[in-house]
Amino acid sequence: MFAPEIVIAAVINGLLTGAVYALVSVALTLVYGVLHIINFAHGAILTAAMFAAFFAEQAGVDPLIAVFGLAPLFFVLGYGAQRYIIGPASHGEDSNTLLVTLGLSILIENALLAAFGSDTRTIDVPYGFSTVDLGFVFLPAPRVIAFAVTCVTATLLWALLKKTDTGKAIRAVAKEKLGAALVGIDVAHVYAVTFGLGAACLAIAACVLLPSYYVQPRVGDAYVFVAFTVVVLGGMGSAPGAMIGGLFIGVVESLSGLYFGESLGQLGIFVIFILALLVRPTGLFGARA
Amino acid sequence: MTVSGARGMFSAYAPILVVAALLALTPLATSANTVLNAMVLALLVALAGQGWNILGGYGGQFSFGHAAFFGTGAYGTALLQARYGLNAYVAFAAAIGAGAAVGAAIGFLSFRSGLRGSYFALVTLAFAEVFRIVANASPFTGGAAGTLLKLDVAPGNFQFASRAIFFWIALALVTLVLILTRAIERSRFGAYLVAIRENESAAQALGIDTFKVKLQAITLSAAVTAAAGAFYAQYFLYVNADIAYGAAVSVEALLAPIIGGLGTAFGPLIGTLALHGLAEGAKALTGRIPGIDVALYGALVVLVIAFAPKGLRGLAARLGRGLSTRWAS
């Protein structure tokens, strides 16, 4: 057995990792909630954003500054991708959307591979090795920053969805697409805005991940599997579910890594995933499908 | 729909035999090992795609984890020979059975829970990943180092010096599944499957036992894809977790039928030949930049779904019709 301090440290570390999972998952669940489709390009967009953040840093811009440029940029890219590629190509069929996003994901990942090779790249930031002392445990500064940024982003997103007209339109389309169209909401526009918001969240996640992680053309895959789990666990389309699910999975991963070792710790996530899908596919917080 | 009698039989199966006979001539046209090797690989992917097509194309259940079946076939044949010294042909058959059993188990769990659409795609993806992680960690499967088969070239060991023989065996398997698929198309089971794809609730209301039909479809689908995996292991005499259970396998198995034409017998074969032709062309033009061929696959998927939702086969049929109407007028 481990000493309580080690277990508590593992839990806190898990929460920090979980916050980034939560951010990636909120983006996925938002898109699912409105478009009713799993976006298989999610991981590839995250990877692309991490490359963008990487090259911004190479050009001398810290990721925490670059985020203010990259988030709007990815919003525009996401908006365009949904409005001009995914939407028209799918002919309104869900199964087509699934395959188009898969095709985009293959395209983006391998275009990055062709352009930059499969090397693993890291960056050095001044705060890369700083720590935050909580008295009984030292926490790496980049991950504390990631945690804080996630909380801010989630709050902003919540305010956007609850307080603005755009947010109202998004929620209306999520609930009842036809009804929303009948009262004059431009559904194609709302789909694209939602997709853009998802991509912007991924850009933010990329900027806070990069200082303590690496970038490589397949790096998004690991996160996207976790995000699928979180989204299913939290209930597809439920933003609070994705937040809580993300933190929970972070802690589970950290603790199972502590008790079972790194490679089998990964297995824990998939077992939870399959059980959640089989036993309660509507998730812990999801509405009935 | 189905034309009965001898003429119907002829028009249904004759094209398959003609295509198979023409492809069988390839080794006579070239003896270059690289060409034959590429053809064997293409046929393997086509076979895996044919398996996917039974469940995904005809039944409308999009699996994103057919690697679970491919890998079970590959590891099955490799482990039964390497660990238990089984005869290669017996191991091959047993591996197909193991793949079918995995298919039935995953199908039972997923369909019993009523998973459809995105949910079914996700759960199959997760099962394949679980297999990959376990195969990568377990000493029984050789861990990350994988499992090697002993090189002992003899027809009795399912090992041949000539690639042409492997090519013909792969072609025979593909042809067999073409015939099987055509037979499914013409059967009551096939009609049930298509009914489920078009509208599952309606199919159920008409009294079709949708659970049973889907379960049969995934079992058959898994068996075919497992055969592709078993053949892979036998051809390369090596498997590891990323090759056998990697996501790339699942993606290739579903791309081929989608590009070629979902729910058509020839779709997977046409799709594979188109994809591999495109990849080889891209490699020749760009000088083997890694990833460029697969990036093109991705672009092609988007284009095909946007402009030819019925795949290349549907596109060809549409063009043919367009020409013939112009001819007539």
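Caption draft 1: Region of the structure containing a positive patch on the surface. Residues and elements named next belong to chain A. Together, Lys 162, Lys 163, Lys 168, Arg 171 and Lys 175 give the surface a local cluster of positive charge. Where the positive patch is concerned, the elements lending two or more residues are helix 5 (141–163) and helix 6 (165–175). One can find Lys 168 in helix 6.

Caption draft 2: Molecular detail of the side chain of Thr 210 of chain B. Residues and elements named next belong to chain B. Here Thr 210 lies in helix 10 (residues 210–236). For Thr 210, a relative accessible area of 5% translates into the label buried. The residues touching Thr 210, leaving out its near neighbours within four places in the chain, are Ile 196, Glu 200, Ala 203 and Gln 204.

Caption draft 3: Structural context of helix 9 (residues 219–234) of chain A. Residues and elements named next belong to chain A. Compared with the 22 Å implied by 1.5 Å per residue over 16 residues, the 23 Å span of helix 9 between its first and last C-alpha is a close match. A large share of helix 9 lies buried, amounting to 14 of its 16 residues. Looking one or two residues beyond helix 9, the residue adopting positive phi is Gly 235, at roughly 100 degrees.

Caption draft 4: Region of the structure containing helix 10 of chain B. Residue and element names in this part refer to chain B. Taking 1.5 Å as the rise per residue, helix 10 with 27 residues should run 39 Å; its terminal C-alpha atoms sit 39 Å apart, in good agreement. Counted residue by residue, helix 10 has 21 buried out of 27 residues, so it is predominantly covered. Where helix 10 ends, the next residue or the one after it, Leu 237, has phi of about 60 degrees, a positive value.

Caption draft 5: Up close: the interface of chain B and chain A. Of the residues lining the interface, 36 residues belong to chain B; the matching set on chain A comes to 35 residues. Across the chain B to chain A interface the summed buried area is about 3100 Å²; carbon plus sulfur atoms make up 84%. Among the residues chain B hides against chain A, the three largest losses belong to Tyr 119, Leu 122 and Ile 305 of chain B. Together they make up 20% of the total. Taken together, the connections running from chain B to chain A amount to zero salt bridges. At the boundary of chain B and chain A, one finds three residue pairs in polar contact (both at pLDDT 80 or more).

The rules behind these values
- Residues numbered from 1 in each chain as written.
- Chains lettered and ligands numbered in written order.
- Predicted model: local features only at pLDDT ≥ 70, side-chain atom pairs only at ≥ 80, totals over all residues.
- Heavy atoms only, no water.
- Patch = residues over 30% accessible without salt bridge, like charges linked within 9 Å, V, L, I, M, F, W, Y side chains within 5 Å.
- Areas by Shrake-Rupley, 256 points an atom, 1.4 Å probe, with all protein chains shown as cover.
- Salt bridge = Lys/Arg side-chain N within 4 Å of Asp/Glu carboxyl O.
- Lys, Arg positive; Asp, Glu negative; His and termini not counted.
- Charge placed at Lys NZ, Arg CZ, Asp CG, Glu CD.
- Helix = DSSP H or I, 4+ residues; strand = E, 2+ residues; numbered from the N terminus.
- Buried < 20%, exposed > 50% of the residue type's maximum accessible area, 1.4 Å probe, protein only.
- Contact = heavy atoms within 4.5 Å.
- Expected span 1.5 Å × (residues − 1).
- Buried area = accessible area lost by both parts, 1.4 Å probe.
- Polar contact = N/O pair within 3.5 Å; in protein donor to acceptor, adjacent residues only side chain to side chain.

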